[in-house]
Amino acid sequence: MLTSIKGRSVIVTGGSKGIGKGIARVFAAQGAKVMIVARHIDGAEATAAEFNAAGATACAFAADVAKASDVEAMAQAVVERHGGLDILCANAGIFPAAKIEDMTEAQWDEVVDTNLKGTFLSIKACVPLLKKSDQGRIVITSSITGPITGFPGWTHYAASKSGQLGFMRTAAIELAKYAITVNAVMPGNIKTEGLDGLGADYLATMAASIPLKKLGAVEDIGNAALFFASREAAYITGQSIVVDGGQTLPESLEALEEA
Ligand code: NAP
């Protein structure tokens, strides 16, 4: 059993829906004070209200992680509202598809600015606060796409997700002197609201390619993030954990069917 995280202050960027909401829900259910950050305040407020109605302590803040001034304001707000910061979950990310031959420079920049620069800017803005915590933790949401696998249409996304892991390893060394750890969760196919429109057949096909025969739940990522944020994970830094139901394991279709 992990030491309680009750009363700890947590920021989850991209916390209004999808995986970020799942991460925020796991921390909120453990009694942490959670700030939900997204560009659209309505979504962030709705999520915070949902958690507060269940007895949690959550608030909302509007910020675009690709803008330094926004994430600096986010850091200031968490001090005003929750008295400081112990855990940053740098989760906000986008994944619009475009193949290389069609991709514009602006499309590349939007993805890399949000996913990779946004990770850097969020962390930079929060380091002064995390230095003051006795349990300073950074948990990045990367992906299997890029570091391990590929998918046509996502070169920019894959580069950003691999880039997060490269960034993480050096950040972990730089921030170790403050006892701040930096780790990453690498989700496989996770069932978010965004997949709802794809239909049952499509989802069943996706599930069939996964050894555990189901898509992940957002809370599966939240639980991995909670472990990295725990007191018990204090000696783990610069590491990543794949949470994919075994999706990246079969070396061929035959390996999957043979089982
Ligand atoms: P999602 O459901 O589309 O949610 C994205 C969240 O990020 C929303 O809260 C969104 O709110 C916020 N956001 C987007 N751009 C932002 C920005 N510039 N600044 C601040 N917030 C921003 O996405 P998801 O599927 O949960 O993905 C979340 C993370 O998990 C991403 O980093 C993604 O790469 C990673 N991931 C997802 C999967 C998967 O299967 N879903 C698999 C591997 C990795 P606003 O629109 O209001 O800003």
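Just above, that's the structure.
In what follows, the accompanying structure is described. Quantities reported herein were computed from a predicted structural model and do not represent experimental measurements.

## Points about the layout of surface pockets
Then, in step 1: Looking at the largest pocket, its volume works out to about 1,400 Å³.
Then, in step 2: Of all the secondary structure elements, the ones that give two or more residues to the lining of the largest pocket are helix H1 (18-29), strand S2 (33-38), helix H5 (155-175) and helix H6 (200-208).
Then, in step 3: Class assignment of the residues belonging to the lining of the largest pocket gives a composition of 18 nonpolar, 21 polar and five charged.
Then, in step 4: Approximately 180 Å³ is the volume found for the second largest pocket.
Then, in step 5: Around the second largest pocket sit Phe120, Ile123, Lys124, Val127, Phe167, Thr170, Ala171, Glu174 and Leu175, which together line it.
Then, in step 6: Ranked by residues supplied to the lining of the second largest pocket, first place goes to H5 with five residues.
Then, in step 7: Each residue belonging to the lining of the second largest pocket can be placed in one class, and the counts come to six nonpolar, one polar and two charged.

## A few points about the nonpolar core
Then, in step 1: Membership of the largest hydrophobic core comes to 34 residues, with the highest contact counts inside it found for Ile11, Met35, Met74, Leu85, Ile138, Ile140 and Val182.
Then, in step 2: Where this core is concerned, the elements lending two or more residues are S2, strand S3 (57-62), helix H3 (68-82), strand S4 (87-90), helix H4 (105-130), strand S5 (137-141), H5 and strand S6 (181-187).
Then, in step 3: Counting residues per element, this core draws most heavily on H4, which supplies seven residues.
Then, in step 4: Those residues within four positions of Met35 in sequence are excluded, and the remaining contacts are Val10, Ile11, Val12, Cys59, Phe61, Met74, Ala77, Val78, Arg81 and His82.

Conventions and cut-offs
- Per chain, residues are indexed from 1 in the order of the written sequence.
- In view of the model being predicted, local features appear only for residues whose pLDDT reaches at least 70, and side-chain atom pairs are presented and counted only at 80 or more, with totals across whole chains, interfaces and linings using the full set of residues.
- The side-chain numbers reported here are obtained from all heavy atoms of the structure, hydrogens and water having been left aside.
- Think of a 1 Å grid over just the protein atoms. A cavity is a set of points where a 1.4 Å probe fits yet cannot get out, a pocket is an open set with protein on both sides within 12 Å along at least five of seven lines, and lining residues have an atom within 4 Å of a point.
- Grid points are joined across faces, edges and corners, and a volume is the space filled by probe spheres set on the points.
- In this text, helices come from DSSP runs of H or I with a minimum length of four residues, and strands from runs of E with a minimum of two, each type numbered from the N-terminal end.
- For this classification, the nonpolar set comprises Ala, Val, Leu, Ile, Met, Phe, Trp, Tyr, Cys and Pro, the charged set comprises Asp, Glu, Lys and Arg, and every other residue, Gly included, is treated as polar.
- What is meant by a nonpolar core is a set of buried Ala, Val, Leu, Ile, Met, Phe, Trp, Tyr and Cys residues, joined one to another through side-chain atoms within 4.5 Å.
- Each residue is assigned to one of three classes by its accessible area relative to the maximum for its type, calculated with a 1.4 Å probe on protein chains only: buried under 20%, partly exposed between the two thresholds, exposed over 50%.
- Contacts are residue-level and defined by heavy atoms, with any inter-residue pair within 4.5 Å sufficient.

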